[in-house]
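An overview of the molecular structure
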Amino acid sequence: SCLLIDIGCTPTSDTEVLPNVTHEIPIQPIPRSEWEQYLLPNANYDIAVGLPSLKSLQSLLDKKKNISPSVNVFATNKGELSFIVETDIVTIGSHFKYLEVFKNRCRKPRADEEPVTEASCQVDSRKLALIMENINFIEVTLSYSIKQDNLLNVCCDLRGVALLNFILPAIN
């Protein structure tokens, strides 16, 4: 089976001719009986923050992946986000402040526990850089959701029309 995508532009004048672009993508339909296997895990994330400029993140993570095989992503409920790589010789951190916090994407604390104020997750730096390099959408809102020492979810909100989630497991 193939998924056919046909993209055309509206000409700005009667004499202008714009080509259509057609792309066929081979797909394998998933039987309805297997749909449950592809649902997003209910991870109950501790912290979810918006991301700074995509271009700056792409450049930053590209450099960090060459320094260390892993990167520690650290976020707070005050809108702070840090990327820290460590080697035997040096520790390098990049810090962002005043980012949007998405409280609706985080778990609610039980009555007998303190609210979570910070969370971190160590993930494969090459995989994270690869995800960020391949996000080439216009008007995309990016966020990271972190479950302490367990998962990092990179969420791409495409103008409220679709959500793409990339989930990276923690490495220890």
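Residues numbered from 1 in each chain as written. Predicted model: local features only at pLDDT ≥ 70, side-chain atom pairs only at ≥ 80, totals over all residues. Heavy atoms only, no water.

Considerations on the side chain of Ser 143
Checked against the element boundaries, Ser 143 lands in strand S8 (residues 140-147). Residue classification places Ser 143 among the buried positions, given a relative accessible area of 1%. Those residues in contact with Ser 143 that lie beyond four places of it in its chain are Val 49, Gly 50, Leu 51, Phe 102, Arg 105, Asn 153, Val 154 and Cys 155. (Helix = DSSP H or I, 4+ residues; strand = E, 2+ residues; numbered from the N terminus. Buried < 20%, exposed > 50% of the residue type's maximum accessible area, 1.4 Å probe, protein only. Contact = heavy atoms within 4.5 Å.)

Looking at the pattern of salt bridges
Going through the model one piece at a time under the given rule, you end up with two salt bridges. Between Asp 62 and Lys 65 there is a salt bridge, and its shortest N-O distance comes to 3.2 Å. Of the two residues, Asp 62 and Lys 65 both sit in helix H1 (residues 54-65), three residues apart, roughly one turn of that helix. Its relative accessible area of 32% is what places Asp 62 among the partly exposed residues. Judged by its relative accessible area of 18%, Lys 65 is buried. (Salt bridge = Lys/Arg side-chain N within 4 Å of Asp/Glu carboxyl O.)

With respect to the confidence of the model for the chain
Averaged over every residue, the pLDDT of the chain is 87; the share at 70 or more is 100%. Highest mean pLDDT in the chain belongs to strand S4 (residues 70-76) (95); lowest belongs to strand S1 (residues 2-7) (85). (pLDDT = per-residue confidence, 0-100.)

Things to note about the sheet that holds S8
Read across the sheet, four strands follow the order S3-S8-S9-S10 without closing on themselves; strand pairing throughout is antiparallel. Every interior strand has two partners, whereas the edge strands, strand S3 (47-50) and strand S10 (162-169), have only one. Within this sheet the neighbouring strands show an average axis-to-axis angle of 20°, counted without direction. Inspection of the sheet shows S8 paired to strand S9 (residues 151-158) by eight bridges, in the antiparallel sense. Bridging across to S9, Lys 147 finds its partner in Leu 151. (Pairing = 2+ DSSP bridges. Axes fitted to C-alpha atoms, helices over the stretch in contact; angles between N-to-C directions.)

A word on helix H2 (residues 125-133)
Ser 125, Leu 128, Ala 129, Ile 131 and Met 132 are the residues of H2 that are buried. All buried residues of H2 lie within an arc of 160° about the axis, which places them on one face of the element. At the N-terminal boundary of H2, the capping side chain belongs to Asp 124, with an oxygen 2.8 Å from the backbone nitrogen of Arg 126. (Arc of directions from axis to C-beta. Polar contact = N/O pair within 3.5 Å; in protein donor to acceptor, adjacent residues only side chain to side chain.)

Examining the nonpolar core
As a rule of thumb, soluble globular proteins bury nonpolar side chains together. Val 73, Leu 81, Phe 83, Leu 128, Met 132 and Tyr 144 are the most contacted members of the largest nonpolar core, which has 32 residues in total. Here Met 132 is in contact with Leu 51, Leu 54, Leu 57, Gln 58, Leu 61, Leu 142, Tyr 144 and Val 154, once residues within four sequence places are set aside. (Core = buried A, V, L, I, M, F, W, Y, C linked by side-chain atoms within 4.5 Å.)

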